[in-house]
Amino acid sequence: MRYTLTHLKELEAEAIYVIREVFAQFENPAILFSGGKDSIVLTHLAKKAFWPSKIPFPLVHIDTGHNFPETIAFRDQLVENLGVRLLVGSVQKSIDDGAVREETGKNASRNALQTVTLLDTIEEFQIDAAMGGARRDEEKARAKERFFSHRDDFGQWDPKNQRPELWNLFNGKKNMGEHFRVFPISNWTEMDVWQYILLENIDIPSLYIAHEREVIFRNNTWLPVSEFITIEEHEKVETRMIRFRTLGDITITGGIDSDADTLEKIVQEVASARQTERGNRADDKRGETAMEDRKKQGYF
Amino acid sequence: MSDNSYLDMQLLRFTTAGSVDDGKSTLIGRLLYDSKSIFEDQLESVETSSKKRGVDHVDLALLTDGLKDEREQGITIDVAYRYFATPKRKFIIADTPGHIQYTRNMVTGASTANLALILMDARHGVVEQTCRHSFIASLLQIPHLVICVNKMDLVDYSEEQFNKIVKDYKEFASKLNVSDIRFVPISALNGDNVVNRSENMTWYNGETLLHTLETIHIDSDQDHVNARFPVQTVIRPKSDQYHDYRGYAGRVAGGIYKPGDEVVVLPSGFGSKIKSIDTMGTQIKEAFSPMSVTITLEDDIDISRGDMIVRPNNQPTVTQDLDVMLCWLNNSPAQARAKYILRHTTNESRCMIKEVLYKVNINTLHRIEDDKEIGMNDIVRVKIRSTKPLFVDEYNDNRNTGSIILVDESTNETVAAGMIRL
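Just so you know, these numbers come straight off a predicted model, no measurement behind them.

1. Some remarks on the overall build of chain B
Consideration 1: Each helix and strand counted, chain B has 8 helices and 22 strands in total.
Consideration 2: Here the C-alpha radius of gyration of chain B, 24 Å, is about what a compact globule of 422 residues would show, namely 22 Å.
Consideration 3: Once the C-alpha set of chain B is aligned to its principal axes, its extents read approximately 70 × 60 × 40 Å.
Consideration 4: Sorting the 422 residues of chain B into buried and exposed places 61% on the buried side.

2. A short note on the nonpolar core
Consideration 1: Ranked by size, the top nonpolar core spans 75 residues in total, and within it Phe14, Leu27, Leu140 and Tyr169 of chain B carry the most contacts.
Consideration 2: Sequence-distant contacts of Leu27 of chain B, that is, excluding residues within four places in its chain, are made with Leu117, Leu119, Cys148, Ile186, Ala188, Val194 and Leu209 of chain B.
Consideration 3: Judged by nonpolar contacts, the second largest core, of 66 residues, contains Ile55, Leu247, Ile250 and Ile266 of chain A.

3. Overview of the domain arrangement of chain B
Residues and elements named next belong to chain B.
Consideration 1: Per the domain assignment, the segments making up chain B are domain 1 (5-221), domain 2 (228-310) and domain 3 (317-421).
Consideration 2: With centres defined by C-alpha atoms, the gap from domain 2 to domain 3 works out at 30 Å.
Consideration 3: Each partner contributes to the roughly 880 Å² buried at the junction of domain 2 and domain 3, and carbon and sulfur atoms together form 58% of this total.
Consideration 4: Across the domain 2-domain 3 interface, the total number found is 1 salt bridge.
Consideration 5: Salt-bridge contacts for Arg228 lead to Asp393; the nearest nitrogen and oxygen are separated by 2.7 Å.

4. So, the domain arrangement of chain A
All names here are of chain A.
Consideration 1: Partitioning chain A into domains gives domain 1 (7-192 + 288-297) and domain 2 (204-284).
Consideration 2: The gap between the C-alpha centroids of domain 1 and domain 2 is 23 Å.
Consideration 3: Tallying the contact residues gives 27 residues for domain 1 and 28 residues for domain 2.
Consideration 4: Across the domain 1/domain 2 interface, buried area totals approximately 2,300 Å², and carbon plus sulfur atoms make up 56% of it.

5. With respect to the sheet that holds strand 9 (residues 238-243) of chain A
Strand pairing in a sheet relies on backbone hydrogen bonds, with the paired strands running either antiparallel or parallel.
All names here are of chain A.
Consideration 1: Spatial strand order, 8-7-9-10: 4 strands in an open sheet with antiparallel pairing. The open sheet is flanked by strand 8 (221-224) and strand 10 (256-257), the only strands paired with a single partner.
Consideration 2: Two elements, strand 9 and strand 10, share 2 bridges in a ladder whose sense is antiparallel. For Ile242, the partnering residue across the bridge sits in strand 10 and is Asp257.

6. Describing the interface of chain B and chain A
Consideration 1: At the junction of the two partners, chain B supplies 88 residues and chain A supplies 68 residues.
Consideration 2: The contact between chain B and chain A buries some 7,000 Å² in all, and 55% of this surface belongs to carbon and sulfur atoms.
Consideration 3: Linking chain B with chain A are 6 salt bridges, by the criterion used here.
Consideration 4: When the shortest N-O distance is used, the salt bridge between Glu21 of chain A and Arg343 of chain B registers 3.7 Å.
Consideration 5: Linking chain B with chain A are 27 residue pairs in polar contact (both at pLDDT 80 or more).
Consideration 6: Here the side of chain B that touches chain A takes 5 residues from helix 2 (residues 40-52) of chain B, the largest share from any one element.

7. Observations regarding the side chain of Arg181 of chain A
Residue and element names in this part refer to chain A.
Consideration 1: Turning to its location among the elements, Arg181 is positioned in strand 6 (residues 179-182).
Consideration 2: It turns out Arg181 is buried and unbridged, and the closest side chain with the opposite charge, Glu145, is 7.1 Å from it.
Consideration 3: Filtering out sequence-adjacent residues up to four positions away, Arg181 remains in contact with Leu118, Leu119, Ile122, Ala130, Phe147, Phe148, Ser149, Arg151, Gly298, Tyr299 and Phe300.

8. Looking at the pairing of strand 21 (residues 403-408) of chain B
Working note: regular strand, side chains alternate between the two faces of the sheet.
Residues and elements named next belong to chain B.
Consideration 1: Of all 6 residues in strand 21, 6 are buried, a share of seventy percent or more.
Consideration 2: Neither face of strand 21 is exposed, since Ser403, Ile405 and Val407 on one face and Ile404, Leu406 and Asp408 on the opposite face are all buried.
Consideration 3: Two strands pair when backbone bridges link them, and strand 17 (residues 339-344) and strand 21 are joined in this way by 4 bridges, in the antiparallel orientation. Each residue of the ladder has a partner; that of Tyr340, found in strand 21, is Asp408.
Consideration 4: In the sheet, strand 21 pairs with strand 22 (residues 414-421) via 5 bridges, with the strands oriented antiparallel.

The rules behind the values
- Residues numbered from 1 in each chain as written.
- Chains lettered and ligands numbered in written order.
- Predicted model: local features only at pLDDT ≥ 70, side-chain atom pairs only at ≥ 80, totals over all residues.
- Heavy atoms only, no water.
- Helix = DSSP H or I, 4+ residues; strand = E, 2+ residues; numbered from the N terminus.
- Rg over C-alpha atoms; globule rule 2.2 N^0.38 Å.
- Buried < 20%, exposed > 50% of the residue type's maximum accessible area, 1.4 Å probe, protein only.
- Core = buried A, V, L, I, M, F, W, Y, C linked by side-chain atoms within 4.5 Å.
- Contact = heavy atoms within 4.5 Å.
- Domains from an automatic or database assignment.
- Buried area = accessible area lost by both parts, 1.4 Å probe.
- Salt bridge = Lys/Arg side-chain N within 4 Å of Asp/Glu carboxyl O.
- Pairing = 2+ DSSP bridges.
- Polar contact = N/O pair within 3.5 Å; in protein donor to acceptor, adjacent residues only side chain to side chain.
- Lys, Arg positive; Asp, Glu negative; His and termini not counted.

Shown next, in the form of structure tokens:
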């Protein structure tokens, strides 16, 4: 008997430990659920952490209104299977209430507006620890994140003044009105996530699997045709075999040409990929420190 | 990568120490690049950013220095984590800045590392910074040290120079408590002995750096002797199917647990037997560090977070008085007789620093006995009194049950990290 874990089992053990710490140290935690693979894996880990109890906190979805219908159907089914509560924060409502103003123009997106809705939702439900599926390998600003990441009473992140995190001793102490973002799968890479989905046979939305879809070529990516985007005259609608590597709002999530129609093929495709997964995300391309700027405001 | 090789990969966490001048970014860049862990769009964006800054080579530091202030000032502020994998192992690099707040950042990076990679410049050999980094690695009990003697190309790949540096380092390291030290002569810039064997140093018969990282034996890095299970939370579903289920959730901090084992629960001292060890839906035959599991016992005893399940014949020390090597991590100095929140495993108490024994000069390892002020980046030996008993081991025996952090009650900040001595 070798007393050693594989890398996936060690990452799993670390994430489950962090999730249990959140439950033990906070009064009102929640999982930020986007419908993407990372938050699906996070939810799966939470299920494992508390089995045979149900997940003892709600899932929170920040709904931009610009969704893939598949994401919403998947979300509702998952919530039903798990028997957990779903809380929805609606960007449309924030717009209607006048809390935010909708962007206009060709590349208009509700991505940045989510921050306001997210912070309002955290306040409304008095969530003191919002767990997310963000990973350090995703983006350079995220490489500097803690597992337990403190947010002041405006929801802001101060990256230069973070609490040191040593061993597995996590400090969730805070004042009233402040909250934490917690990232249990900080140390996972895109590859780890896919290998784990394959290993554990986790159900994921069909959008990740290669399928035929009407798309236009814009900003170097295949953007899905939906009622939320304006197609210009010179842009040609094509039907192509594509899949998505990340899932966000339908207006900013580009697909890649792919014939990976099984999890095994996706793992192979990821192994040979030469572009990062967020390379197809328009939200990260608004300047060199787009992610850090949004994160400081309180973005995911 | 063959189809199932990922089911047999291990995880190795290492920390890198050295300054930019030692070629640390170049080395990390090369490991990432040669293992195909840098993507085209990342490289393109680094190229664009390098040009914007008027640098004519591709500045690989921009890959890790992600924050705006870091990029503008050309410095690394905080520990950055980087990831790469080969078919044999997945690696997590905690890349710590060499200059600013080095102690705080290096201690943080070192706390979870299996291995420390220490860079030195072949032209300069063992310098003050080498000693400092090695001392912190030894203090934090990183099990393996790999000393990379870099820039061998600038000393004509001289075997003599390499041997001299190895000899100097060994002399210094005899004062440290590290069991496994290896030396690799490299040129990060040209790639000699990093991933591929150097043709310029045929006199070197050892392994390349990557091969060392891939094969170094890490199975024994965890404590598999002293059974320690700090309870994180109690799982009570109270559902129809699991009406009487009462499971103790936690991460094994040491030793091996099996169903049927006799156990004792601290602090109550009640004994029982392990009924089952559960992970979702499956009962497992044994649990060891660092697994996260749920343990059920034969008897109903009152157990809550912070309690520890151990073996009757191998128990930790139960004490309120701790002898600790403390690293101060906060800008505000320690206040005399101030109270702090102490976190140890899943346990929490309040404590007071009763006495400062001495401060360590981390460059010379000398004890300073006449300066007892504790400030940022200081390493001090102190006596701490906790308001309640803790179940502790010597840090050198078990990093999980031998470590503590102190939290300031007024700011909630983590102000210190400590290693327990018995």
